[in-house]
Amino acid sequence: EVDAVLGTTSFGDIIKALDKVFEGKRYLEFKDINALTEISKKRVLTTGGYYGYLKIAEGCDKRCTYCIIPKLRGNYRSIPMEQLISQAEYLAEQGVRELILVAQETTVYGKDIYQEKCLHKLLKELCKIPGIQWIRILYCYPEEIYDELIQTIKEEPKICHYLDLPIQHANDEILKRMGRRTTKQELIDIISKLRREIPDIALRTTLITGFPGETKEQHEELMEFVDEMEFDRLGVFTYSPEEDTAAARMEGQIEEEVKEERQAELMELQQEIAFDTAENMVGKEVLVMIEGKVADENAYVGRTYRDAPNVDGLIFVNTEEELMSGDFAKVKVSGAVDYDLIGGLI
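Fair warning: this is a prediction, and the values are worked out from it, not measured in the lab. (Residues numbered from 1 in each chain as written. Predicted model: local features only at pLDDT ≥ 70, side-chain atom pairs only at ≥ 80, totals over all residues. Heavy atoms only, no water.)

Asker: Describe the sheet that holds strand β15 (residues 340–345), listing the residues and the values that go with them.
Answerer: Read around the barrel, 5 strands follow the order β11-β12-β13-β15-β14 and close on themselves; strand pairing throughout is mixed. If you compare each strand with its neighbour and ignore which way they point, the axes differ by 50° on average. Bridge count for strand β13 (residues 315–318) against β15 is 4 bridges, and the pairing is parallel. Looking across to β15, one finds that I315 is bridged to L341. (Pairing = 2+ DSSP bridges. Helix = DSSP H or I, 4+ residues; strand = E, 2+ residues; numbered from the N terminus. Axes fitted to C-alpha atoms, helices over the stretch in contact; angles between N-to-C directions.)

If you want it as structure tokens, here you go:
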């Protein structure tokens, strides 16, 4: 009963597919999985707010053993810089104030088409666009973070001191079985370097627990690592076997109940860390992007540079003044409730 099927590189043909379907015909279109469709300058802004996502590349070359993305989306292909700048300018004209850079991996942007990592160069160009006030970078593989990128984040005031580093685990044997390209010590080194160079940086990460063969001792090592690193934001997924991946064929698959217990332990530990981090923000002055008004109260809800939309915390701002969604306001933090903050307009 499916009317149309399009491959992952055929999204530019959606209108054509709908036209065929309305004519009563079926539509199948599978282009080369490694094709790079030219992105349109104009696009519908689906976030409904004053932030927008800018996808800077397609596909992935890492081939982690648990992941099927390269088979679905092909090899890593950077989108040419001029196309990205053009789309970012259009988004700014539509009222976007915060630009969020995404890809399966943002840190190697440009290596395939410019023969060198160019994320820092792209960032500098995006910072020149009027109207854009915040630029946030997600999905940075820790082993690919390089000095010019760190310097650019330090020097450009529009770039949020926030990085999302998907590390997945901290035990060397598990990391190797996952096909990851870092060791525990290398993770400690890059996290330490980021915090040394950018002292107020907020670090988010994601972990996989219950990977095939993970022992109780390896889980406890990961717990100790999380306790020592004190990530500002952290999410934990239980391992899920994906069809046609190496990890799904590995021996030592772990029972769901054990995976869930380990996930709960990690999240309980992170909750303590996150609540302490929120408490440590009390008394500080922060810049807040207003996202909406709290119904029937003289209060607004917003985000600080430390919070990506829909995944991190919020800040509730008490004020008699009238604010608009998309406004930036200086706020003094007066309290913390779990992951969220409370403050007053300065």
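Having put the structure on the table, let's press on.
Asker: Tell me about the environment of L122, and name the residues and values.
Answerer: Locating L122 in the fold gives a position in helix α5 (residues 119–126). Considered as a pair, L122 and I85 are 37 residues apart in the sequence and their alpha carbons are 8.1 Å apart. If sequence neighbours within four positions are ignored, L122 has contacts with I56, M81, L84, I85, L101 and Y109. (Contact = heavy atoms within 4.5 Å.)

Asker: Please provide a residue-by-residue account of unusual backbone geometry, values included.
Answerer: The phi torsion at Y139 lies on the positive side, around 60°, for a residue other than glycine. In this fold, Y139 is placed in the loop between β7 (134–137) and α6 (147–155). For Y139, a relative accessible area of 35% puts it in the partly exposed group. In this structure, Q168 is a non-glycine residue whose phi angle is positive, near 75°. By secondary structure assignment, the location of Q168 is in the loop between β8 (159–164) and α7 (172–178). (Buried < 20%, exposed > 50% of the residue type's maximum accessible area, 1.4 Å probe, protein only.)

Asker: Report on α5, specifying residues and quantitative values.
Answerer: All buried positions along α5 are accounted for by L119, H120, L122, L123 and L126. Taken around the axis of α5, the buried residues stretch over an arc of 160°, which confines them to a single face. Where α5 is buried, its residues touch β3 (51–55), α3 (81–93), β6 (98–102), β7, α6 and β8. (Arc of directions from axis to C-beta.)

Asker: Hey, could you go over the pattern of salt bridges for me, with residue numbers and the actual values?
Answerer: Taken as a whole and judged by the stated rule, the model has 24 salt bridges. K62 is paired through a salt bridge with E143; the nearest N and O atoms lie 3.7 Å apart. Taken together, the positions of K62 in the loop between β4 (57–58) and α2 (69–73) and E143 in the loop between β7 and α6 put the pair 81 residues apart, joining distant regions of the chain. Under the relative-accessibility criterion, E143 is labelled partly exposed at 25%. Each of K62, E105, K117, E143 and E144 takes part in a single network of salt bridges with overlapping partners. (Salt bridge = Lys/Arg side-chain N within 4 Å of Asp/Glu carboxyl O.)

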